[in-house]
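Below, each chain spelled out in residue letters.
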Amino acid sequence: MRNPDFIVIGAGITGVRAAIELASHGQVLVLTKSRTQNSNTEFAQGGIAVALGGDDEAGLHFDDTIRAGNGLCDEKTVRTLVEEGPARIQELIDWGTPFDQEGGKLAFGREAAHTRNRIILAGGDSTGREIHRALIRKVRSLKSVHLMSESFVLDLLMKAEKCRGVSYLDEETGQVSELTAQAVLLATGGLGVLYPATTNPDIATGDGCALAFRAGASLADMEFVQFHPTVLKLPGAPPFLLSEALRGEGGRLRNANGELFMSRYHPLKDLATRDVVSRSILTECKRLKSDSVFLDATGIDSEYLQQRFPRIFQTCLEFGLDITREYIPVYPAAHYIMGGVLSDGQGRTTRPGLFAAGEVACNGVHGANRLASNSLLEGLVFGARTGRAMVGEPSRFTPEQTGSLKIDAWPVTRTTSPNTLKAAIQAIVGENLGALRSQKGLESALARLLEIPFSDHPKRSDQEINNLLSNARLVAGMALVRQESRGAHHRTDYPTRDDPLWRRRITARYDPQKEKVIYQALPINQELRPQQARGQLTIS
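**Some thoughts on the overall build of the protein**
Looking only at helices and strands, one finds 14 helices and 25 strands in the protein. In summary, the protein has a C-alpha radius of gyration of 22 Å against a globular reference of 24 Å for 540 residues, a match within 12%. Taking the principal axes of the C-alpha coordinates as reference, the protein spans close to 65 × 55 × 45 Å. Counting all 540 residues of the protein, 61% fall into the buried class. At a minimum sequence separation of 6, the contacts of the protein that also span at least 24 residues come to 71%.

See the structure below:
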């Protein structure tokens, strides 16, 4: 397809849901750098949170989300999430998502920091896969939506600060092409590959954040990287995520001596928020000089455990571990970023024509710490809302009016291999930008990251390193600015939360004239208002 009406970058839950919304308003092209099925959505085990149970309501879901966000949630977007969530779930049911049931009704489970059973699942621990399958089936039935895989977006095409399309690499032919559209959506997911241990697939290189940053859009709250506390740690095994629902069903954490320990760290014990549990595990490992703790699921009925968590049971069994009888060695790994491209509840960014939704975006719905199983709901709700907002953009511009905005100080020719640079970046990030941070470590990390050059080679592996490097610098920079501990960001030199000084959103944008990054600390209640030029935000 040449020059569609709308371009969506990313084919996970957010991008596909937005494409469905856009389908009746023009030609939609969905670009994905890998296979259509290869997205973070496919790996989502735990489920999707929604207030549909008999003893639940949107207000309670709102309260739990706000509480988990540690004072940095945008209340308006949270209310949108919990109130529009039920309708989006009904759509999934209508489109054939086989959510698990009990007695002919939806079955609800509980995860950490939820005060009600509101987690619904599909296929036990294959929820993301089943949702994505239903969405892809739906979008393939729409003649105006076209899916194009193996297409890596290199840059956003900018003219007079407006996003007018993309340049992309066709990995099959090696050809670089340009496409224009009336609106572009970033739905590229997260940046977990920045870390040496992550639950994310190898495609999660933070491409959308880097694209937006190079285009001069504002990013926010990149310091808030959530670690999943229970990731399989076995010799030869990948960092496989063990759903929080295991603890929701009665699993308990034990230290290297086999002792239950979470009661020492939080009243909610094993069901405390992920940031608390992750730091507790790290503290316990340091105390006992061990490299992991244990998740004990042996108290859960064996037959129910296998039925409820079939993928987890089978995966552990493949590595010689029977979770019905043996403790599971676990350790925290990078999982989700709460920050991203600064946007509002309709996906508008600070660049007209450019939209962002899902994990790549920061609309304040998660604050400083995402509540478990809110991410899939976020993709559905804000994917649909952003699709509707994109329809209001003016018609597309012609190709001769476009041009890529480049950062002149960055491109150089690299001689070091991408794999070597990737390992170097991951080592720096893993050592200094993890669940525990300090001024000394952050300054050291940023200095070392600034020594690594960018590449001008239009090859996916080189450009992914550019994107990882850009994101690593932003995470380190924002973590240095935030001199407190809050949610997923914990500074050992500033160990407490400081609302008077730091109940603020940290933003960053690149100024090409000054060739520097401009950081700002905005009050959390500062509004993002759409300018007269539709699709653009201004901070007022």
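More follows now that the structure is in view.
**Quick word on the packing of aromatic side chains**
Two aromatic rings are characterised by how far apart their centres lie and by the angle between their planes. Applying the stated criterion to the full structure yields 4 aromatic pairs. A ring pair is formed by Y195 and F227, whose centres lie 5.3 Å apart and whose planes are at 85°; its orientation type is edge-to-face. Of the two residues, Y195 is situated in the loop between β11 (183–186) and α5 (207–214) and F227 in strand β13 (residues 225–232); the sequence distance between them amounts to 32 residues. In this structure, Y195 and F227 share a single accessibility class: buried.

**Observations regarding unusual backbone geometry**
Phi at N70 takes a positive value of approximately 55°, unusual for a residue other than glycine. Secondary-structure assignment places N70 in the loop between α2 (58–68) and α3 (75–94). You can call N70 buried: its relative accessible area is 18%. Its identity is not glycine, yet E161 carries a phi of approximately 70°, on the positive side. Here E161 lies in the loop between β8 (151–159) and β9 (162–170). Classification of E161 as partly exposed rests on a relative accessible area of 49%.

**Quick look at the confidence of the model for the protein**
When the pLDDT values of the protein are averaged, the result is 90; 91% of them are 70 or greater. Overall, residues 396–412 carries pLDDT values under 50, and its contacts beyond four positions in sequence, including any with other chains, amount to 50 contacts.

**What about the nonpolar core?**
Counting residues in hydrophobic clusters, the biggest one holds 63 residues, and the most contacted among them are L156, V166, L186, L194, Y195, M222 and I425. If one sorts the elements of this core by residue count, helix α13 (residues 460–481) sits on top with 10 residues. Beyond its immediate stretch of four places on either side in the chain, L194 contacts I425, Q426, V429, L468, N471, A472 and V475. Ranked by size, the runner-up nonpolar core spans 42 residues in total, among them V8, I20, C73 and L81.

**Focus: the pattern of salt bridges**
Going through the model one piece at a time under the given rule, you end up with 33 salt bridges. Here D64 makes a salt bridge to R118, at a shortest N to O gap of 2.8 Å. Placement of D64 in helix α2 and of R118 in the loop between β5 (105–106) and β6 (119–120) is noted, with a sequence separation of 54 residues between them. Like D64, the residue R118 is buried in the burial classification. Note that R88 is salt-bridged to E91, the shortest N-O span being 2.9 Å. Taken together, the residues span about one helical turn, with R88 and E91 both in helix α3 at a distance of 3 residues. Via salt bridges that share partners, E223, R482, E484, R486, R497 and D499 belong to a single interconnected network.

**Some details on the sheet that holds strand β15 (residues 293–296)**
Sheet architecture is open: 4 strands sit in the order β13-β16-β15-β14, paired in antiparallel fashion. One side of each edge strand has no neighbouring strand; the edge strands of this open sheet are β13 and β14 (252–254). On average, each strand axis in the sheet is tilted by 45° relative to the strand beside it, whichever way the strands run. With 3 bridges connecting them, β15 and strand β16 (residues 328–337) associate as antiparallel partners. Paired with F294 across the bridge in β16 is P329. Against the sheet, helix α7 (residues 274–288) touches β13, β14, β15 and β16, its axis set at about 60° to β13.

**Section: helix α9 (residues 310–318)**
Within α9 the residues assigned to the buried category are R311, I312, F313, T315 and C316. In this structure, the buried residues of α9 make contact with α4 (127–140), β13, α6 (245–248), α8 (302–308) and β16. Just past α9, the residue G320 takes up positive phi, approximately 80°.

**As for the packing of helix α12 (residues 439–450) against α13**
For the pair α12 and α13, the least separation of the axes is 9 Å and the interaxial angle reads 150°. Judged by the inter-axis angle, α12 sits roughly antiparallel to α13. Considering how the two elements wind past one another, α12 and α13 form a crossing that is left-handed. Where α12 abuts α13, its residues Q439, L442, E443, L446, L449 and L450 lie against L469, A472, R473, A476, A479 and L480. Looking at the contact of α12 with α13 residue by residue, the classes come out as 9 nonpolar, 1 polar and 2 charged.

Procedures and definitions
Residues numbered from 1 in each chain as written. Predicted model: local features only at pLDDT ≥ 70, side-chain atom pairs only at ≥ 80, totals over all residues. Heavy atoms only, no water. Helix = DSSP H or I, 4+ residues; strand = E, 2+ residues; numbered from the N terminus. Rg over C-alpha atoms; globule rule 2.2 N^0.38 Å. Buried < 20%, exposed > 50% of the residue type's maximum accessible area, 1.4 Å probe, protein only. Contact = heavy atoms within 4.5 Å. Phe/Tyr/Trp six-rings, centres within 6.5 Å; stacked < 30°, edge-to-face > 60°. pLDDT = per-residue confidence, 0-100. Core = buried A, V, L, I, M, F, W, Y, C linked by side-chain atoms within 4.5 Å. Salt bridge = Lys/Arg side-chain N within 4 Å of Asp/Glu carboxyl O. Pairing = 2+ DSSP bridges. Axes fitted to C-alpha atoms, helices over the stretch in contact; angles between N-to-C directions. Parallel < 35°, antiparallel > 145°, perpendicular 65-115°, else oblique. Left-handed = near helix turned anticlockwise from the far one by under 90°. Nonpolar A, V, L, I, M, F, W, Y, C, P; charged D, E, K, R; others polar.

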